[in-house]
Amino acid sequence: MHTLAVETSCDETALCIYSDKEGVIGDIILSQAKLHFPYGGVVPELSAREHTRNLLPLLDRLLEETGFDLKRLDFISFTLTPGLILSLVVGVSFAKTLAYYLEKPLVPVHHLEGHVYSVFLQKPVPYPFLALIVSGGHTDLYMVEDFGKYLPLGGTLDDAVGESYDKVAKLMGLGYPGGPLIDSLAKEGRPIYRLPRPMIEEDCLNMSFSGLKTAVRKIVEGGGYSKKDLSASFQEAVIDVLERKVILAVEKTGVKRIVVVGGVSANSELRRRFSELSQKLGFELHIPHPKLSTDNAQMIAYAGMERFKRGVMAPESINPEPNTPLEVFGRLWS
Ligand code: KG4
Ligand code: ZN
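Rules and cut-offs
- Residues numbered from 1 in each chain as written.
- Chains lettered and ligands numbered in written order.
- Predicted model: local features only at pLDDT ≥ 70, side-chain atom pairs only at ≥ 80, totals over all residues.
- Heavy atoms only, no water.
- Helix = DSSP H or I, 4+ residues; strand = E, 2+ residues; numbered from the N terminus.
- Rg over C-alpha atoms; globule rule 2.2 N^0.38 Å.
- Buried < 20%, exposed > 50% of the residue type's maximum accessible area, 1.4 Å probe, protein only.
- Contact = heavy atoms within 4.5 Å.
- Lys, Arg positive; Asp, Glu negative; His and termini not counted.
- Charge placed at Lys NZ, Arg CZ, Asp CG, Glu CD.
- Phe/Tyr/Trp six-rings, centres within 6.5 Å; stacked < 30°, edge-to-face > 60°.
- Domains from an automatic or database assignment.
- Buried area = accessible area lost by both parts, 1.4 Å probe.
- Salt bridge = Lys/Arg side-chain N within 4 Å of Asp/Glu carboxyl O.
- Donors = N, O, S within 2.8 Å, 3.2 Å for Na, K, Ca; no water.
- Near = heavy atom within 4 Å.
- Polar contact = N/O pair within 3.5 Å; in protein donor to acceptor, adjacent residues only side chain to side chain.
- Areas by Shrake-Rupley, 256 points an atom, 1.4 Å probe, with all protein chains shown as cover.
- 1 Å grid on protein atoms, 1.4 Å probe; cavity = no way out; pocket = protein on both sides within 12 Å on 5 of 7 lines; lining within 4 Å.
- Sits in = over half its atoms within 2 Å of the grid points.
- Pairing = 2+ DSSP bridges.

**Thoughts on the overall build of the protein**
Move 1: Along the protein, the regular secondary structure elements total 12 helices and 10 strands.
Move 2: Whereas a compact globule of 334 residues would reach a radius of gyration of roughly 20 Å, the protein reaches 20 Å, a difference of no more than 12%.
Move 3: Overall size of the protein, expressed as C-alpha extent along the three principal axes, is 60 × 45 × 30 Å.
Move 4: Across the 334 residues that make up the protein, the buried fraction comes to 57%.
Move 5: Long-range pairs, those at least 24 residues apart, make up 73% of the contacts in the protein with a sequence separation of at least 6.
Move 6: Across the protein, 36 positive and 41 negative side-chain charges occur, with their mean positions spaced 3 Å apart.

**What about the packing of aromatic side chains?**
Move 1: In total, this model carries 11 aromatic pairs according to the counting rule given.
Move 2: Look at F120 and Y127: their rings are 6.2 Å apart centre to centre, the planes differ by 40°, and that puts the pair in the tilted class.
Move 3: Y127 gets classed as partly exposed once you look at its relative accessible area, which sits at 28%.
Move 4: Three or more aromatic residues link up through ring pairs in this structure, and these residues are Y18, Y117, F120, Y127, F129, F147 and Y302.

**Things to note about the domain arrangement of the protein**
Move 1: Each assigned domain of the protein is listed here: domain 1 (2-116 + 295-332) and domain 2 (126-287).
Move 2: A separation of 27 Å is found between the C-alpha centroids of domain 1 and domain 2.
Move 3: Taken residue by residue, the interface counts 22 residues in domain 1 and 23 residues in domain 2.
Move 4: Both faces combined, the contact of domain 1 with domain 2 buries some 1,700 Å², and carbon together with sulfur accounts for 69% of it.
Move 5: Where domain 1 meets domain 2, there are 0 salt bridges.

**So, the coordination of the zinc ion (ligand 2)**
Move 1: On the protein side, the zinc ion (ligand 2) has H111 (NE2), H115 (NE2) and D295 (OD) as donor atoms, found 2.0 to 2.1 Å from it.
Move 2: Going along the chain, you hit the donors of the zinc ion (ligand 2) in the pattern H-x3-H-x179-D. Here H111 pairs with H115, and both are found in helix α4 (residues 111-118), just 4 residues apart, close to one helical turn.
Move 3: By relative accessible area, H115 is classed as buried at 1%.

**Points about the site of ligand 1**
Move 1: Taken together, 20 residues surround ligand 1, and among them H115, G136, D166, G179 and D183 come closest.
Move 2: One nitrogen or oxygen atom from the side chain of H111 is found 3.0 Å from an oxygen atom belonging to ligand 1.
Move 3: Note that an oxygen atom of ligand 1 is positioned 3.3 Å from one of the backbone N or O atoms of G137.
Move 4: Considering ligand 1 on its own, with 560 Å² of exposed area, one finds that the protein chains cover 90% of that surface.
Move 5: A molecule is said to occupy a pocket when more than half its atoms come within 2 Å of that pocket's grid points, and by this definition ligand 1 occupies the largest pocket.
Move 6: Elements that contribute at least two residues to the shell around ligand 1 include exactly α4, α5 (161-171) and α6 (178-187).
Move 7: With 4 residues, the top contributor of residues to the shell around ligand 1 is α6.

**What about α5?**
Move 1: If you check which residues of α5 are buried, you get V161, G162, S164, Y165, D166, V168 and A169.
Move 2: Looking at the packing, one finds that the buried side of α5 touches β6 (129-134), β7 (139-146), α6, α7 (210-222) and α8 (227-253).
Move 3: Backbone geometry just after α5 places G173 at a positive phi near 70°.

**As for the pattern of salt bridges**
Move 1: Per the counting criterion, the structure on display carries 19 salt bridges.
Move 2: A salt bridge links D159 to K213; the nearest nitrogen and oxygen atoms lie 2.9 Å apart. Here K213 lies in helix α7 and D159 lies in the loop between β8 (149-155) and α5, a separation of 54 residues in the sequence.
Move 3: Taking the relative accessible area as the measure of exposure, D159 reaches 7% and is therefore buried.
Move 4: The closest approach of N and O atoms between R273 and E243, which form a salt bridge, is 3.1 Å. A residue pair is termed long-range when its members are at least 10 positions apart, and R273 in helix α9 (residues 268-281) and E243 in helix α8 qualify at 30 residues.
Move 5: According to the relative accessible area criterion, E243 is buried, its value standing at 16%.

**Some points on the pairing of β7**
Move 1: Burial of β7 is extensive: 6 of the 8 residues sit out of reach of the surface.
Move 2: Here β6 hands over to β7 after 4 residues, the two strands then running antiparallel side by side.
Move 3: Across 6 bridges, the pairing between β7 and β8 is antiparallel. By the bridge assignment for β8, D146 is matched with K149.
Move 4: The turn linking β7 back onto β8 is made up of 2 residues, and G148 within it adopts a positive phi angle of 90°.

Structure (structure tokens):
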């Protein structure tokens, strides 16, 4: 079976042709990072306009590169939610138009579900497992009992981790996206600044990162600080909290299989610390290749294939939604 997947939830325009037998046949991503760089964050109107401009030329390029005939598709997968609503509208309309023209079914995917299944592109993970999703818009812990069965365990009460990276980078005048910039600066710095680890001691799986950002702001406003050392200090505080909450989740659930996904899972120090932790505590760790950590359409194709195999399809009248929780989506579309 073959699917074309469409992902436009934020600032990446991504398409993928995927087969359950052959794997990825073709994959293309156009990042808008340069466009949003001067603003220190994604500008929703600009993002939607870029998706509109680029989707058809990208599809042309993908078909040229792969020689794939769209008539061979069995269905179209697309990100329905969550994301910037204008950007989602562009991708969903594109997917619907293709499905209508080609007379193929439509299969909706939750963006976070896509992230969770990004690791399955490398190797399927046995159920149940714990999923730590750390992206620009979300920071959540889930127990995944089966495809579509997502049990929320906790998550951030304010800023997402990726959002904190981006905001802290903006405070230091580094540009966007902040994650990779802080990641590389931190390698040359030492964690010498004392920063808070909000909620680290609390016996719950919720987290908070906005206080950490405020503490960084005070240091920046004080002047005369080292960007390298502040990056290393911020990163250490974030990872300390994530690490503690994952240990707690393992203790509370008894599940010793962890999947860490989303844009921030590309972080080199987070990968090192979690791999060390998994060896120390003897849990199984699955992290996608950094290219699959950040937004892509391969993960949407994989999750779409799982849903299609279960016979779930969307009506032609389907509309994007800005923020349907993963567990609700799983119940609705399984
Ligand atoms: O999953 P993603 O590509 O998009 C969303 O679904 O939000 O995540 C993007 C986020 C951004 O906040 C970006 O700064 C962060 O992931 N990110 C990183 C790294 N690469 C991307 N954060 C820390 N270290 C990185 N190497
Ligand atoms: Zn994402």
